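Residue-level structure breakdown
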Amino acid sequence: MIDNQNADGWIRRYHAADESPIRLVCLPHAGGSASFYYPMSQALAPEVDVLSVQYPGRQDRRHEPGITDIGVYADAVTSALVPWLDRPLALFGHSMGAVLAFEVARRLEREHRFDPVHIFASGRRSPSSHRPETVHLRDDDGIVAEMRELSGTNAAILGNEEILRMVLPAIRSDYTAIENYRAAPEDTVNTPITVLTGESDPRTSREEADAWRGHTRAAFDIHRYPGGHFFLAQHQPQILKVVSEELAAAVRKG
């Protein structure tokens, strides 16, 4: 059995569920780390085998250079997932992670003839809904201001100058990747998509969230929650229920 992380360090498996009939791959937001999904992994085990992706440039991969292109990210994550395709697999991504989940699904479908059973796209406008954003071009204080506005970074990190300076290069790399990402309206996957969105998210409008519908050739659903960009922190029980029910349905469907 594969250990808690694979050889190249991309995969974290906090609660191994060897008997689970399905896997869920969790992809963090810009600047995020695999441990962001520890609570989800804990809550879903042992019914679901949760794999959390660790991007380079943070935590135990902090000495590795960050990635500045979503395509390169998606290629690397897809490659890391190949040993884990022995059972049905779903993808959950928040913010940048939602776009990455979509691009990984496209590659699995195209290159490995493997269709993920579901994509959960959280806190992100559709792949083809472009906004001209330049956070990655700001100075360090400007990036910190963005992080404070979205409230997605631990307050202890924002208040610790040494840790903050250590993680800022990875955050800037992620923002460079996502802000330069482009997808065409006709880019689709053969995987059902469930969108999770905050009703007052400044980075995703109602129309931009609804536009995910055009990126799947399968079923589509959307759930709206009170809150901003990191609404999922306040609605974890409801979101876990949505995820659990969709994954159970996928298992029943076979």
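What counts, and where the lines are drawn
Residues numbered from 1 in each chain as written. Predicted model: local features only at pLDDT ≥ 70, side-chain atom pairs only at ≥ 80, totals over all residues. Heavy atoms only, no water. Helix = DSSP H or I, 4+ residues; strand = E, 2+ residues; numbered from the N terminus. Rg over C-alpha atoms; globule rule 2.2 N^0.38 Å. Buried < 20%, exposed > 50% of the residue type's maximum accessible area, 1.4 Å probe, protein only. Contact = heavy atoms within 4.5 Å. Areas by Shrake-Rupley, 256 points an atom, 1.4 Å probe, with all protein chains shown as cover. Core = buried A, V, L, I, M, F, W, Y, C linked by side-chain atoms within 4.5 Å. Pairing = 2+ DSSP bridges. Polar contact = N/O pair within 3.5 Å; in protein donor to acceptor, adjacent residues only side chain to side chain. Axes fitted to C-alpha atoms, helices over the stretch in contact; angles between N-to-C directions. Expected span 1.5 Å × (residues − 1). Salt bridge = Lys/Arg side-chain N within 4 Å of Asp/Glu carboxyl O. Parallel < 35°, antiparallel > 145°, perpendicular 65-115°, else oblique. Left-handed = near helix turned anticlockwise from the far one by under 90°. Nonpolar A, V, L, I, M, F, W, Y, C, P; charged D, E, K, R; others polar.

**Quick word on the overall build of the chain**
Scanning the chain from N- to C-terminus turns up eight helices and seven strands. Relative to the compact-globule value of 18 Å for 254 residues, the chain shows a C-alpha radius of gyration of 17 Å, a close match. Within the chain, buried positions represent 53% of all 254 residues. In the chain, 80% of the contacts between residues at least 6 apart in sequence involve partners at least 24 apart. In the structure as shown, the chain presents an accessible area of about 11000 Å², 50% of it carried by carbon and sulfur atoms.

**Description of the nonpolar core**
Counting 49 residues, the largest nonpolar core has W10, I70, Y73, L91 and L100 as its most contacted members. For this core, the element with the most residues is helix α3 (residues 96-112), which contributes nine residues. The contacts of L91, once residues within four sequence positions are left out, are L24, V25, L27, L81, A101, V104, A105, P116, H118, I119 and F120. Judged by nonpolar contacts, the second largest core, of 22 residues, contains Y37, F92, Y225 and F230.

**Quick word on the pairing of strand β3 (residues 49-53)**
Counting buried residues along β3, five of its five residues qualify, which places the element largely inside the surrounding structure. Along β3, one buried face is formed by D49, L51 and V53 and the opposite face, lined by V50 and S52, is buried too. Relative to β3, strand β1 (residues 11-12) is paired through two bridges, and the arrangement is antiparallel. Bridging across to β3, I11 finds its partner in V53. One ladder, built from four bridges, connects strand β2 (residues 23-27) with β3; its direction is parallel. When the sheet's bridge partners are listed, V25 is paired in β3 with L51.

**Thoughts on the side chain of H15**
Of note, H15 is situated in the loop between β1 and β2. A polar side-chain atom of H15 sits 3.4 Å from the main-chain amide nitrogen of Q42. Setting aside residues up to four positions removed in sequence, H15 forms contacts with Y38, S41, Q42, A45 and D49.

**A word on the sheet that holds strand β6 (residues 193-198)**
Read from one edge of the open sheet, seven strands run β1-β3-β2-β4-β5-β6-β7, paired in mixed fashion. Looking at which strands have only one partner, the edges of the open sheet turn out to be β1 and β7 (220-225). Bridge count for β2 against strand β4 (residues 89-94) is five bridges, and the pairing is parallel. From the neighbouring strand, C26 faces β4, where its bridge partner is F92. Sitting on the sheet, α3 touches β2, β4 and β5 (118-122), and the angle it makes with β4 is about 150 degrees.

**Here's the deal with unusual backbone geometry**
Omega for the peptide link from A45 to P46 comes to 0 degrees, which places this bond in the cis form. Secondary-structure assignment places P46 in the loop between α1 (38-44) and β3. Backbone geometry places Q59, a non-glycine residue, at a positive phi of 45 degrees. Relative to the assigned elements, Q59 resides in the loop between β3 and α2 (70-81). Not every positive phi belongs to a glycine, and S95 is a case in point at roughly 60 degrees.

**What to know about α3**
Counted at 1.5 Å a residue, the expected span for α3 with its 17 residues is 24 Å, and the 23 Å between its end C-alpha atoms agrees. Downstream of α3 by a residue or two, R113 has a phi angle that is positive, lying close to 50 degrees.

**What to know about the pattern of salt bridges**
Inspection of the entire model under this criterion finds 17 salt bridges. Across the salt bridge formed by R13 and D49, the nearest N and O atoms sit 3.0 Å from each other. Of the two residues, R13 is situated in the loop between β1 and β2 and D49 in strand β3; the sequence distance between them amounts to 36 residues. Among the salt bridges present, the one from E64 reaches R61, with a minimum N-O distance of 2.7 Å. Accessibility expressed as a relative area gives 35% for E64, which makes it partly exposed. If you follow the salt bridges from partner to partner, you end up with R13, D18, R23, D49 and D86 in one network.

**Quick notes on the packing of α2 against α3**
Contact geometry for α2 and α3: axes closest at 9 Å, N-to-C directions at 60 degrees. The pairing of α2 with α3 is recorded here as oblique in orientation. The element α2 and its partner α3 pack so that their crossing is right-handed. Across the interface between the two elements, I70, G71, Y73, A74, D75, V77, T78 and L81 of α2 pack against M96, V99, L100, E103, V104, R107, L108 and H112 of α3. Of the residues assigned to the contact of α2 with α3, the class counts are ten nonpolar, three polar and three charged.

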